[in-house]
Amino acid sequence: QVQLQASGGGAVQPGGSLRLSCTASGLSMDYYAVGWFRQPPGKDREGVSCISSAGHATHYADSVKGRFTISRDKAKNEVYLEMNNLKPEDTAVYYCATGPLELSGTGCPPTSYWGRGTQVTVSS
């Protein structure tokens, strides 16, 4: 069974920071691109960021560019999303996902494996 788990969410003030972590069971994420997605309340799920299997290529949605940083630690089989200068519009359930396709020049690839998300709430 392949299961991804996002963790590290919570409640934070605007301008604050959080670091999300993604772990997986049933496969090693070292061989796959990994993406972060979010679903704001009442809205469709959207892509946030992704990182290539090797970790040298990344992509960010325009809405988070310059504020969020994706990284990975292959020794720990973990992927991270550092979120800085958080805004109320960042409030969402955040998910990580993976799959066999790599990043393209235009953005993040479709993903096959998902798991439980973590709630991020940004409010004053």
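Preceding this section is the structure that the text describes.
Worth saying up front: this structure is predicted, and the values here are computed from it rather than measured.

Calculation notes
- Residues numbered from 1 in each chain as written.
- Predicted model: local features only at pLDDT ≥ 70, side-chain atom pairs only at ≥ 80, totals over all residues.
- Heavy atoms only, no water.
- Pairing = 2+ DSSP bridges.
- Helix = DSSP H or I, 4+ residues; strand = E, 2+ residues; numbered from the N terminus.
- Axes fitted to C-alpha atoms, helices over the stretch in contact; angles between N-to-C directions.
- Polar contact = N/O pair within 3.5 Å; in protein donor to acceptor, adjacent residues only side chain to side chain.
- Contact = heavy atoms within 4.5 Å.

Let's shift gears to the sheet that holds strand β9 (residues 92-99). Here we have six strands laid out as an open sheet, ordered β2-β11-β9-β4-β5-β6, and mixed in their pairing. The open sheet has two free edges, formed respectively by β2 (10-12) and β6 (58-60), since each of these has just one partner strand. In this sheet, adjacent strand axes meet at a mean angle of 25° when their direction is disregarded. Bridge count between strand β5 (residues 46-51) and β6: three bridges; the pairing is antiparallel. Bridging from a neighbouring strand, Ser49 pairs with Tyr60 of β6.

Let's shift gears to the sheet that holds strand β3 (residues 18-25). Taken in spatial order, the five strands line up as β7-β8-β3-β1-β10 in an open sheet, and their pairing is mixed. If you trace the sheet from one side to the other, it starts and ends with β7 (68-73) and β10 (115-116), each paired once. Bridge count for strand β1 (residues 3-7) against β3 is five bridges, and the pairing is antiparallel. The partner of Ser7 across the bridge, within β3, is Ser21.

When you line up the elements, Asp90 lands in the loop between β8 (78-83) and β9. A polar contact of 2.9 Å, which involves the side chain of Asp90, links it to the side chain of Arg38. Beyond its immediate sequence surroundings of up to four residues, Asp90 is in contact with Arg38, Val64, Arg67, Phe68, Asn85, Val120 and Val122.

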